[in-house]
Amino acid sequence: MWKERLLEYMRSEDYRPSTVQELCERLGVESAADFRTFVRLLNELEDAGDLVRTKNNRYALPEQMNFIAGRLQLKARGYGFVIPENEAEADIYIPQSALNGAMSGDRVLVRLRDERGKGAQAHREGEIVKILERGNDRIVGQIAMYTHHAFVSPLDKRFPEDVFVPRDAVGNAHDGQVVVVEITSYPTATHGPVGRVVEVLGYPDEPGVDILAIVRKYNLPEVFPEDVLANAERIPLEIDPAEIARRKDFRSEIIVTIDGDDAKDLDDAVHVKRLPSGHYELGVHIADVGYYVKENSPLDREAFRRGTSVYLVDRVIPMLPQRLSNNICSLNPQVDRLTMSCVMEIDGQGRIVSHEIVPSVIRTAERMTYNDVRKILEDEDAELRARYAPLVSMFELMRELALILREKRMRRGAIDFDFAEIKVRVNDLGEPTSIEPRPRSIAERIIEEFMLAANETVAEHFHWLGAPFIYRVHDDPDPDKIIHLNLFLHNFGYRVKGTAGGKIHPRALQEVLNEVEGKREARMIAMVMLRSMQQAKYRPECTGHFGLAAEYYTHFTSPIRRYPDLAIHRIIREVLTRGSLSPEREAQLREFVADASRQSSERERIAQEAEREVDQLKMVEYMQEHIDEEFDGVISGVVPFGLFVQLDNGIEGLIHISELSDDYYVLHERQMALIGERTRRVFRIGDPVRVVVIRAAKEDLRIDFGLVEHLREATYVGGEGPGAIVYDEDLTPKERRETERRRREAASRAGGRRERDDKRHRVRRERSAEARAGVRLSDWDDGEDEASSVPGDMLTGDLPYDAWDEEYPDPRSRKGPQKRGRRAAPESGPAEDGRGIRGGPGATPTRRGGYRTWPAREAGERSGRGGSEGKPRQARAGERSPAKRNKETGKSGGRGSRSKRKR
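Below is a short write-up of the structure.

**Here we look at the overall build of the protein chain**
The helix and strand inventory of the protein chain stands at 22 helices and 35 strands. Split into buried and exposed, the 903 residues of the protein chain put 50% on the buried side. Restricting the contact set of the protein chain to residue pairs at least 6 apart, pairs at least 24 apart contribute 67%.

**Structural notes on unusual backbone geometry**
Within the chain, Asn296 stands out as a residue other than glycine whose phi angle is a positive 65°. Relative to the elements of secondary structure, Asn296 occurs in the loop between α7 (289-292) and α8 (298-306). In this structure, Asp628 is a non-glycine residue whose phi angle is positive, near 75°. Relative to the assigned elements, Asp628 resides in the loop between α18 (583-623) and β26 (630-639).

**Notes on the nonpolar core**
Ranked by internal contacts, the top residues of the largest apolar core, which has 88 residues, are Leu282, Phe395, Met398 and Phe450. No other element matches helix α13 (residues 442-465), which puts eleven residues into this core. In terms of nonpolar packing, the next biggest core, distinct from the first, is built from 64 residues, Ile214, Phe631, Leu667 and Leu674 among them.

**Some remarks on the packing of aromatic side chains**
Enumeration over the complete set of coordinates arrives at 14 aromatic pairs. Between Tyr291 and Tyr292, the aromatic rings sit 5.0 Å apart at their centres with planes inclined by 85°, giving edge-to-face as the arrangement. Tyr291 sits in the partly exposed class, given a relative accessible area of 21%. Its relative accessible area of 10% is what places Tyr292 among the buried residues. Pairing Phe304 with Tyr563 gives two aromatic rings, centres 5.5 Å apart and planes at 85°, and the pair type is edge-to-face. On the criterion of sequence distance, the pair formed by Phe304 in helix α8 and Tyr563 in helix α17 (residues 563-578) is long-range, its members being 259 residues apart. Judged by its relative accessible area of 25%, Phe304 is partly exposed. For Tyr563, a relative accessible area of 0% gives the class buried. Taken together, Tyr79, Phe81 and Tyr93 form an aromatic cluster joined through their ring pairs.

**Quick word on the side chain of Asp347**
Counting through the fold element by element, Asp347 comes out in the loop between β19 (336-346) and β20 (352-363). Asp347 gets classed as buried once you look at its relative accessible area, which sits at 7%. Here the side chain of Asp347 touches Gln349 through a polar contact of 3.0 Å, landing on its backbone nitrogen. Every residue in contact with Asp347, bar those within four places of it in the chain, is listed here: His279, Tyr280, Val353 and Ile404.

**Considerations on the pattern of salt bridges**
Enumeration over the complete set of coordinates arrives at 63 salt bridges. Glu302 is the salt-bridge partner of Arg306, the closest N and O atoms lying 2.8 Å from each other. One end of the pair, Arg306, and the other, Glu302, are both in helix α8, four residues apart, so they sit about a helical turn from each other. Notably, a salt bridge pairs Asp379 with Arg374, separated by 3.0 Å at the nearest N-O pair. Among the residues examined, Asp379 registers a relative accessible area of 46% and is labelled partly exposed. The network of salt bridges with shared partners includes Arg406, Arg409, Asp416, Arg440, Arg445, Glu448 and Glu449.

**Examining the packing of helix α10 (residues 370-379) against α13**
Look at α10 against α13: their axes get within 7 Å of each other, and the N-to-C directions meet at 110°. Classed by the angle they form, the pair α10 and α13 counts as roughly perpendicular. Contact with α10, carried on its side by Tyr370, Val373, Arg374, Leu377 and Glu378, involves Ile442, Ala443, Glu444, Ile446 and Ile447 of α13 and no other residues of that element. Residue composition of the contact of α10 with α13, by class: seven nonpolar, no polar and three charged.

**Details of the sheet that holds strand β30 (residues 673-676)**
Pairing within the open sheet is antiparallel, and its three strands lie in the order β29-β30-β31. Sheet topology places β29 (665-668) and β31 (682-684) at the edges, where each strand pairs with a single neighbour. Going across the sheet, the axis of each strand differs from the next one's by a mean of 25°, ignoring polarity.

**Describing helix α2 (residues 20-27)**
Within the sequence span of α2, burial applies to Val20, Leu23, Cys24 and Leu27. Within α2, the buried residues cover an arc of 100° as seen down the axis, which keeps them to one side. Seen from the buried face of α2, the exposed residues on the opposite side, beyond 90 degrees, are Gln21, Glu25 and Arg26. Where the residues of α2 are buried, they touch α1 (2-10), α3 (32-47) and β2 (59-60). Gly28, located one to two residues past α2, shows a positive phi value of around 80°.

**Digging into the environment of Thr715**
By the secondary structure assignment, Thr715 is in strand β34 (residues 714-716). The exposure class assigned to Thr715 is buried, which follows from its relative accessible area of 8%. Between the alpha carbons of Thr715 and Asp728 there is a distance of 7.6 Å; along the sequence they are 13 residues apart.

**Comments concerning the pairing of strand β14 (residues 256-259)**
Side-chain alternation along β14 places Val256 and Ile258 on one buried face and Thr257 and Asp259 on a second face that is also buried. Sheet topology places β14 next to strand β21 (residues 366-369); four bridges connect them, and they run parallel. Its bridge partner lying in β21, Val256 is registered against Glu366.

**Topic: the side chain of Asp268**
Within the secondary structure layout, Asp268 lies in strand β15 (residues 268-274). Arg561 is the oppositely charged side chain nearest to the buried, salt-bridge-free Asp268, at an N-O distance of 6.8 Å. The contacts of Asp268, once residues within four sequence positions are left out, are Thr257, Asp259, His285, Ile286, Leu331, Ile447, Met451 and Thr557.

**Considering the packing of α17 against α18**
The geometry of α17 relative to α18 is characterised by a closest axis approach of 10 Å and an angle of 165° between their N-to-C directions. It follows from the interaxial angle that α17 and α18 lie roughly antiparallel. Handedness of the crossing formed by α17 with α18: left-handed. Here Tyr563, Pro564, Ala567, Arg570, Ile571, Glu574 and Arg578 of α17 come into contact with α18, specifically with Arg585, Leu589, Phe592, Val593, Ala596 and Ser600. Grouping the amino acids of the contact of α17 with α18 by side-chain chemistry returns eight nonpolar, one polar and four charged.

**Comments concerning the environment of Val335**
Tracing the chain through its elements places Val335 in the loop between α9 (322-328) and β19. Note on Val335: relative accessible area 29%, which makes it partly exposed. In this structure Val335 touches Ile362, Arg363 and Thr364, once residues within four positions along its chain are discounted.

Conventions and cut-offs
Residues numbered from 1 in each chain as written. Predicted model: local features only at pLDDT ≥ 70, side-chain atom pairs only at ≥ 80, totals over all residues. Heavy atoms only, no water. Helix = DSSP H or I, 4+ residues; strand = E, 2+ residues; numbered from the N terminus. Buried < 20%, exposed > 50% of the residue type's maximum accessible area, 1.4 Å probe, protein only. Contact = heavy atoms within 4.5 Å. Core = buried A, V, L, I, M, F, W, Y, C linked by side-chain atoms within 4.5 Å. Phe/Tyr/Trp six-rings, centres within 6.5 Å; stacked < 30°, edge-to-face > 60°. Polar contact = N/O pair within 3.5 Å; in protein donor to acceptor, adjacent residues only side chain to side chain. Salt bridge = Lys/Arg side-chain N within 4 Å of Asp/Glu carboxyl O. Axes fitted to C-alpha atoms, helices over the stretch in contact; angles between N-to-C directions. Parallel < 35°, antiparallel > 145°, perpendicular 65-115°, else oblique. Nonpolar A, V, L, I, M, F, W, Y, C, P; charged D, E, K, R; others polar. Pairing = 2+ DSSP bridges. Arc of directions from axis to C-beta. Lys, Arg positive; Asp, Glu negative; His and termini not counted. Left-handed = near helix turned anticlockwise from the far one by under 90°.

What follows is the structure, given as structure tokens:
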């Protein structure tokens, strides 16, 4: 009673921070008992972060005091982000110095400090002022034993501090083992975390320890509590005939399940038949798990806590005990099962003419697999068609209806990213045996379309009933990300239409995918577009699904493995049987669906992270057996420090920029490419490459590649738009030979300097070490006249690339007479590169590795900084040229000159 009145008053416009006495007077708290209850409520709300108490003991809402509550996510480098509980709020950047003892996963209260950056790069920065709830009480790591204590180094790099373990708290752990440590003292500003070993997993190289460590790291519960198992054991494995009599009987229909070969929890079955009207009848029958899992029972509370089943490469961590998931709730063939059915009448254009949602009972005819259905429909396997002869005509009708539904979905603008699923297979010891992409066949598409139709129908039905419900939503993309996507697409001559108002329709994105289909940049554009989208989540409000172009959408079809599906099944039955909900029950359910939506979204993210990490772990382990072997792949990501390459089998690794030693490469963000400063050689997202595996480390889940061959060479010729990058395959043979000759010359110049560069870097490291040891720089002299080998040491931050056309002209300009005043590069001898640096061996050495972000400027600004097109930059009035400065100092490197003057 007091809580609702208090929060309502504090949210009013005329509220000002008030003391306890002022609040009691305002709300009419008079008796001593009411006062004690009211003070206890204030303390609870303060501890939960719903209220803030000032230094003057006045209470206010967090947003009124510039505070925001949220969940902290730390990064490996020590900083983090707070994801606000209010989804409308943007994430808040937290520097390492402002963590104040908070750890990754903690629920915290943040004080906003300022906003940094402009435009798309703008972000809010804050400081953690209070830890509301600890997110982790256990950490998985490797223990290092010392004489009187031990330290545990967390495997999760988001926990940057080692955990101190007293000697009497190490248990049976031995040096080097992977252990689970329970935090007994959380970090503060003056000391790190302290803990005790509660479980020893084993040595890192023992079979199964690696995946078990990830299971413990994400706190995935493998064992069900005793009361949950006892609750499951009390559920009968036979169906009550009285319950069958209360349900619609579909046992006379030909119904099948279609799942993967290794699936055991069969929770969806379908049937399709032609109606006399010529329409189709589609029945989607889902296991009625909610009938067995009663609200607020031990089974229900455990399912809520888990949120979802987790599918790892060698095991499944189920949401429900096997007695339910693999037995009484699984739609096994030739046995009666209780279901919730959505039966739809669909016309020839894919429109749902009518539908019925009812509790039901079914008996499936066959347990089909995707492979068998694919062979029946696509391969027309004679043996399988004979074996399943009574079902073949229904499968063909299913294909016909699925294609109609897909066509309708694509017409309304749904986005279809046709990426193959990566399947990792392991043996009994957990060792990876094969990694292969698994493309979607017609069998997967049939089930996908039927489940989508059922989910949309159920969501629309209960939205208009106004009942409390859990919806699956996908928000519109962030406008800034769409702007960046459009800038990227402009480089290829495409654009996303209808973005002027900051809001787009998914059809605009699908039209771009249709336009690029079959072209060499298709995969690259699809990947960039996918990264521009928001993440789908659960919400108690029906706000639509952008990617599916669906106004109504929910998850109805997998109650064995997803808690939202289970929860709405119970709501559906309650609404269908009672007809309406009392105001008290409706308020109770609305609070429940809000909590379930938040919990399910969070558990889904945790499950996805765990599944991805296990897959990556096994991919790294797989590649450890293929060191020094070569593979074909595609550049899947471009970052300042290198290139991410995805192999044909789906494995992704990094070519570090230090491996690209023929030039100094910088990131061009709009082109999503690394471009050589001197050669203008281009490595662009989507380009095919051949790589060699040089490293695969399980410690940091990293695979390093070396570049063997770039299979689609290209040259940057300046500017933006489709003509900024010219691929060699688009040139004439003569132009291609000329381009290759220039690259070889540049690589030869770089190679001739490499040995001297290595020596110089080594000398500089030794000098730094001596300086740290107390040796004066003036005492050191190797007798060599040091010359800077780093062009960037003599450059400003701006890079006038257009001024380099004199030495590296556009290959297309060589087809006839010289154009636009460009001069051909000399066959031999030094040439200026447009920055006052002479070309040729020994004069313009290249940097090995490193990175700098490509500057964004207009063409006019480039020419202003770099001089007129095709001409080297001229010294400003009163400015000495580089040559003159070098002559005066006797050095081209500033540090060497200062050292000599000091001596």
